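Working through the structure, step by step
Listed here are the chains, written in short residue letters.
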Amino acid sequence: MDQQKKNEIFDHAKAWILEAGERIKSKIDSPRSIETKSNPNDLVTEMDQETEQFFAQKINETYQDHYLLGEEGFGDEIEDLGGTVWIVDPIDGTMNFVHQKRNFAISIGIYYEGVGEIGLIYNVMEETLYTARRGEGAYKNEHKLPMLDEERPLSESILALNTSWMIPENPHVEHQGMQDLVKKLRSTRSYGSAALEFAFVAEGLLDGYLTMTLMPWDYAAGSILVREVGGIVTRADREELDLLNKTTVLASRPNIHEEISTGYVRLKK
Ligand code: 2AM
Ligand code: CA
Ligand code: CA
Ligand code: CA
């Protein structure tokens, strides 16, 4: 992607994500209609939909040749990552949005010919904007994030993971390995917003993030951010991520990545 073009797209994306955040914030105490999607705990609100429509409209007006892949379906039917594709999660952490009115984010990853060029994650209520451009490092607001080059062992690491992987009946991963991992770690955290969990890995607040079921819009921006500070982002089995399908993800500081994957993660099926 041409650098001038990339900067122009970045500036638009940044302006739009801040504007969208402002709209959400201004309506945070308004009554909202909440519907469920795949199951009773899979929530969506009209604010998720309105926010995605806002991005769809902005992108359509400004860049007729760009594509949008969004969680709520107001974008395009994408079959490959040719051209410029905006991968947008209008509200990541909808359950937090509904129950807590905080701890949710807007996530935008912009890909050119399949390569992640621009990532933005906006923690709306804290007004914290994480940004990255490929090859230019990652930022928290105006502050450049340092590289993740510390060699802290797993026993002193904090990993974000979901307690549901500890349940024997979970369909994704052998729970015994997950229990062994939890025993080895210093501690675990679970924030309920994949985008923020990536941002916290990039920031060094978390040493890693392991999850079994992410969609492209959950990690499109976060993976760019984490890689820009030297972190490793792959599937949980260390294979390359597939940006068009549901996937496992392991994002972490370099020195614990292989140990977590090969030592503890035993995927079912
Ligand atoms: P969402 O709020 O945009 O739906 C919660 O642990 C995290 O997982 C959030 O980032 C949430 O995104 C995401 N998530 C929720 N349901 C999911 C599903 N069925 N598949 C994949 N990710 C999901
Ligand atoms: Ca959702
Ligand atoms: Ca999401
Ligand atoms: Ca969402």
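Position numbers for residues count from 1 along each chain, tracking the sequence in the order it is written. By the order in which they are written, chains take letters starting at A while ligands take numbers starting at 1. Whole-chain, interface and lining totals are the exception, using all residues; otherwise, since this is a predicted model, local features are given only for residues with pLDDT of at least 70 and side-chain atom pairs are given and counted only at 80 or more.

**Describing the overall build of the protein chain**
Only DSSP runs of H or I reaching four residues or more are called helices, and only runs of E reaching two or more are called strands; each is numbered from the N terminus. Each helix and strand in the protein chain was counted, giving seven helices and 14 strands. Computed over C-alpha atoms, the radius of gyration of the protein chain comes to 18 Å, within 12% of the 18 Å expected from 2.2 N^0.38 for 269 residues, which places it in the range of a compact globule. Neighbour density around each residue's C-beta defines its exposure: 20 or more other C-beta atoms within 10 Å make it buried, 12 or fewer make it exposed, and counts between make it partly exposed, where C-beta atoms are placed from the backbone. The buried share of the protein chain, reckoned over its 269 residues, is 43%. Within the protein chain, contacts between residues at least 6 apart in sequence are counted, and of these 62% link residues at least 24 apart. In this description the radius of gyration comes from C-alpha coordinates, and the expected globular size is given by 2.2 Å times residues to the power 0.38. Whether two residues are in contact is decided by their C-beta atoms, placed from the backbone, lying within 7 Å.

**Remarks on the domain arrangement of the protein chain**
Many descriptions give the size of an interface as the accessible area lost when the pieces come together. The domain boundaries assigned to the protein chain delineate domain 1 (3-144) and domain 2 (154-264). Domain extents, as shown, originate in an automatic or database domain assignment. Relative placement of domain 1 and domain 2: their C-alpha centres are 21 Å apart. Taken together, the 29 residues of domain 1 in the interface contact 24 residues of domain 2. For the side of domain 1 that touches domain 2, the elements supplying multiple residues, two or more each, are β3 (67-70), β4 (84-92), α3 (94-99), β5 (105-112), β6 (115-123), β7 (128-133) and β8 (138-140). By residue number, the principal contributor to the side of domain 1 that touches domain 2 is β6, which donates five residues. When residues are grouped by polarity, Ala, Val, Leu, Ile, Met, Phe, Trp, Tyr, Cys and Pro land in nonpolar, Asp, Glu, Lys and Arg in charged, and all others, Gly among them, in polar. Residue composition of the side of domain 1 that touches domain 2, grouped by class: 14 nonpolar, 10 polar and five charged.

**A word on the sheet that holds β8**
The strand order across the open sheet formed by seven strands is β3-β4-β5-β6-β7-β8-β9, and the pairing between neighbours is mixed. Two strands lie at the open edges of the sheet, namely β3 and β9 (143-144), each paired on one side alone. Only when DSSP finds a minimum of two bridges between them are two strands counted as paired. Here seven bridges tie β4 to β5, and the two strands are oriented antiparallel to one another. Across the sheet, the residue bridging to D92 is A105, located in β5. Only the contacting stretch of a helix is used when fitting its axis, a line to C-alpha atoms as for every element, and angles between N-to-C directions run 0 to 180 degrees. Those strands touched by helix α2 (residues 46-62) are β3, β4 and β5, and its axis lies near 155 degrees from that of β4. Strands β4, β5, β6, β7 and β8 of the sheet are contacted by helix α5 (residues 194-203), whose axis makes an angle of about 100 degrees with β6.

**Focus: the pairing of β4**
Among the nine residues of β4, nine are classified as buried, and the element is accordingly described as predominantly covered. Alignment of β3 against β4, held across four bridges, turns out to be parallel. Within β4, the residue paired with L68 across the bridge is W86.

**Some thoughts on the site of ligand 1**
Using a C-beta atom placed from the backbone, a residue is scored as near a molecule or strand whenever that atom is within 6 Å of it. Surveying the vicinity of ligand 1 reveals 15 residues, the closest of which are D92, G93, T94, A194 and T213. Residue assignment for the shell around ligand 1 shows that the elements contributing at least two residues are β4 and β12 (208-214). Its residues placed into classes, the shell around ligand 1 shows three nonpolar, seven polar and five charged. Two domains each provide a minimum of three residues to the shell around ligand 1, namely domain 1 (3-144) and domain 2 (154-264).

**Considering the UniProt feature "binding site: Mg(2+)" (unreviewed entry) in the protein chain**
Residues given the UniProt feature "binding site: Mg(2+)" (unreviewed entry) here are E71, D89, I91, D92 and D218. A maximum C-alpha distance of 9.8 Å is found for the annotated residues, which run over 148 residues; spatially they form one tight group. As for its placement among the helices and strands, E71 is situated in the loop between β3 and β4. According to the C-beta neighbour criterion, E71 is buried, with 23 such atoms within 10 Å. Beyond its immediate chain neighbours, meaning those up to four positions away, E71 contacts E52, D89, P90, M215 and W217. UniProt positions are given in the numbering used here, feature names are shortened, and annotations may be inferred rather than shown by experiment.

**Let's talk about the nonpolar core**
Of all hydrophobic cores here, the largest spans 77 residues; its most connected members are I108, L120, I121, F198, A199, A202 and L225. With near-sequence residues (within four places) excluded, I108 lies in contact with A13, I17, W86, V88, L120 and A221. What makes a nonpolar core is a set of buried Ala, Val, Leu, Ile, Met, Phe, Trp, Tyr and Cys residues, with links drawn between C-beta atoms within 7 Å.

**Quick look at the confidence of the model for the protein chain**
On average, residues of the protein chain score 97 in pLDDT, and 100% of them reach the 70 mark or higher. Interface confidence for the predicted complex, given as ipTM, is 0.95, next to a pTM of 0.97. pLDDT runs from 0 to 100 and stands for how confident the predictor is about each residue.

**Topic: the sheet that holds strand β10 (residues 158-160)**
Pairing in this open sheet of five strands is mixed, and the strands run β11-β10-β12-β14-β13 from one edge to the other. On the outer flanks of this sheet lie β11 (187-189) and β13 (232-234), each paired with one strand and no other. For this sheet, the mean inter-axis angle between neighbouring strands, taken without regard to orientation, is 15 degrees. Sheet contacts for helix α7 (residues 254-264): β12, β13 and β14 (247-252); angle to β14, the most-contacted strand, approximately 140 degrees.

**What about the environment of E117?**
Along the chain, E117 falls in strand β6. For E117, a count of 20 C-beta atoms within 10 Å translates into the label buried. Sequence-distant contacts of E117, that is, excluding residues within four places in its chain, are made with M1, K6, I110, Y111, Y112, R133 and R134.

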